[in-house]
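# Summary of structural features
The residues making up each chain are set out below.
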Amino acid sequence: MRRVALVGAGVSKFGVRKATYRDLVWEAGKACFDSVPGVKPKDLDGLVVGSVMPERTAFQSHISSMVAEALGIRPSALSARTEHMCASGTVGIRYAYAFIAAGLADLVMVLGVEKLNQPVADEAVLNMGTGVDREWEAAFGLTAPPCFAFAAQRHMAEYGTTEEQLAMVGVKNHTHAAKNPSAHFTKGATLDQVLGSRMIASPLRLFMCSPITDGAAAVVLASETRARALTDTPVWIRGTGQALDGFQLSSLHEDYAHWPALKRAAQAAYQMAAVGPHEIDLAEVHDCFSIAELIAYEELGFCHKGEAGPFVAEGRSDYGGDVVVNPRGGLIGCGHPLGATGVAQAAEVFVQLRGEAGARQVPAAALALTHNNSGMGEHVVMIYGKEPA
Amino acid sequence: MTYFRALDPFPLESADHTTLHEFYTRLGAGTLTTTKCRGCGRSAWPPRGFCAECGAAAFDWVDLASEGTVHAFTVQETGLPAGFEAPRVFAIVKVDGHRVFTVLTGAEPAALRVGQRVRLAPLRVADDPKGNPRWLPAFEVV
């Protein structure tokens, strides 16, 4: 297999945007091309677009071709859309990685985009129900918060994890987002604010949850030869893993505080990269809800099972700790425009490993991990390095 | 034409639309059932037309207990989809070894506990476009 690297990355402003789906594509595409002056749209031989529900939110399918035309890309080797709910962006990066590693493409853009907000707010929430099983779950009014609330309740009962510890994830990520001008929220948050925010699904309060956000992000992946010709500081893909336990709540691990699929996905990525969890300098993990970040610490091997509450409380997942988790502000601070999230995580890793992250730079960052999930039983992990091996 | 949305959140349950229609017919009559594979004899939740264990596609309907115990629950107070009222009690109920995702109707949230006994209370939702009644397998506290 050939080596593959990121050579460019850019994100749109995330938030409740006065913008169309296509406006967001233009904004992220422009930012990405600006980051790599040697690449013009027609130089790309591939495009993968991660997007979950434009059929509902923008009344648009045929997404990859629409984005190609919007950005002036003429794919000659790969054109595809990936839909894997909240993990669509990283699943798209894996497609592009595999095509380039196999020699089937050389220079591919992966763009994630979602326009979730609608003129009627609870309609946007109704759309989110398409991500769980319609007949056996969404028909009852289920969306993501109750699923992760089950996990939080179980983690609290089994390990003594507290509401304060759940809230500390919200504080940390809102604080990080305050240094990220692209984030949905840029005002930070105190522990009192998080604990005093309104209840969504017990025990998860508003500031422990990612909001409904519009946004887009793009990265360019290149073969080693093209990467070295385009930049002195490519960011290398070192490892990748994906694993699924199940789709419906009825078929996941019976203890919702245990996510075996994440552990398997991480092990595959660590093995491929030949690194261990304690070597990771920064991690962009899928904190769709604060409990998800806590469980991710454990399944990714940053701490032992059950110890995630103290891990965040002691600052071990913050600057100066063992590993900086979600320096861009995570999904809680940046927002979660589904298909864009995994690509935005990669875009953060790109600037961090090149030392270009400004006020939120993780000192001496050399190895980074991203974790994207699409439910408690479906996980994707990527490992990136400043060096190719 | 005025602004409108169209997303019916409920299953199409009649024989015109699903091979699992008997589940809903029996549910409407007050009985919880599921599929049992004719190939390997395993029963599944939710009902399914293809056995994940042995690959057979033939099944029989079997009755499940009308009572179960709460395995997990949460009360959603805000952020519900259009058409659904808060507070809403979502739960996983254990019935004959299966984990059934459901809502608990008429429950007092503060009094709920894991392990609590609940019983089937079929919930009638919006009729389908032909006027056929539609039901969901909800539960209530015993």
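Residues numbered from 1 in each chain as written. Chains lettered and ligands numbered in written order. Predicted model: local features only at pLDDT ≥ 70, side-chain atom pairs only at ≥ 80, totals over all residues. Heavy atoms only, no water.

## A few points about the environment of Leu-300 of chain A
- Of note, Leu-300 of chain A is situated in the loop between helix 11 (290-299) and helix 12 (308-313).
- Each residue touching Leu-300 of chain A, except ones within four places of it in the same chain, is listed here: Leu-262, Ala-266, Tyr-270, Pro-277, Val-285, Leu-369, His-371 and Val-381 of chain A. (Helix = DSSP H or I, 4+ residues; strand = E, 2+ residues; numbered from the N terminus. Contact = heavy atoms within 4.5 Å.)

## Thoughts on the domain arrangement of chain A
Residue and element names in this part refer to chain A.
- According to the domain assignment, chain A contains domain 1 (4-119 + 213-235) and domain 2 (141-208 + 238-385).
- With 42 residues of domain 1 in contact, the opposing surface of domain 2 contributes 37 residues.
- A buried area of about 2,900 Å², summed over both sides, lies between domain 1 and domain 2, and 68% of it is on carbon and sulfur atoms.
- Inspection of the domain 1/domain 2 interface yields 12 residue pairs in polar contact (both at pLDDT 80 or more).
- Going through the elements one at a time, strand 1 (4-11), helix 4 (88-101), strand 4 (107-114) and strand 7 (215-223) are the ones with two or more residues in the side of domain 1 that touches domain 2.
- When residues of the side of domain 1 that touches domain 2 are assigned to their parent elements, the largest contribution, seven residues, is made by helix 4.
- Residue composition of the side of domain 1 that touches domain 2, grouped by class: 23 nonpolar, 15 polar and four charged. (Domains from an automatic or database assignment. Buried area = accessible area lost by both parts, 1.4 Å probe. Polar contact = N/O pair within 3.5 Å; in protein donor to acceptor, adjacent residues only side chain to side chain. Nonpolar A, V, L, I, M, F, W, Y, C, P; charged D, E, K, R; others polar.)

## Comments concerning the pattern of salt bridges
- Tallying each qualifying case throughout the model produces 27 salt bridges over all chains.
- Between Glu-140 of chain B and Arg-119 of chain B there is a salt bridge, and its shortest N-O distance comes to 3.0 Å. One end of the pair, Glu-140 of chain B, is in strand 9 (residues 139-141); the other, Arg-119 of chain B, is in strand 6 (residues 117-120), with 21 residues separating them in the sequence.
- Because the salt bridges share partners, they merge into one network encompassing Arg-3, Glu-224 and Arg-228 of chain A. (Salt bridge = Lys/Arg side-chain N within 4 Å of Asp/Glu carboxyl O.)

## Regarding the packing of helix 7 (residues 163-177) of chain A against helix 11 of chain A
All names here are of chain A.
- Contact pair helix 7 / helix 11: the axes reach a minimum separation of 8 Å and the direction vectors enclose 100°. As far as their axial angle goes, helix 11 and helix 7 are roughly perpendicular. Mapping the contact onto sequence places Gln-165, Leu-166, Val-169, Lys-172 and Asn-173 in helix 7 and Ser-290, Ile-291, Glu-293, Leu-294 and Tyr-297 in helix 11.
- For the contact of helix 7 with helix 11, the residue count by class is five nonpolar, three polar and two charged. (Axes fitted to C-alpha atoms, helices over the stretch in contact; angles between N-to-C directions. Parallel < 35°, antiparallel > 145°, perpendicular 65-115°, else oblique.)

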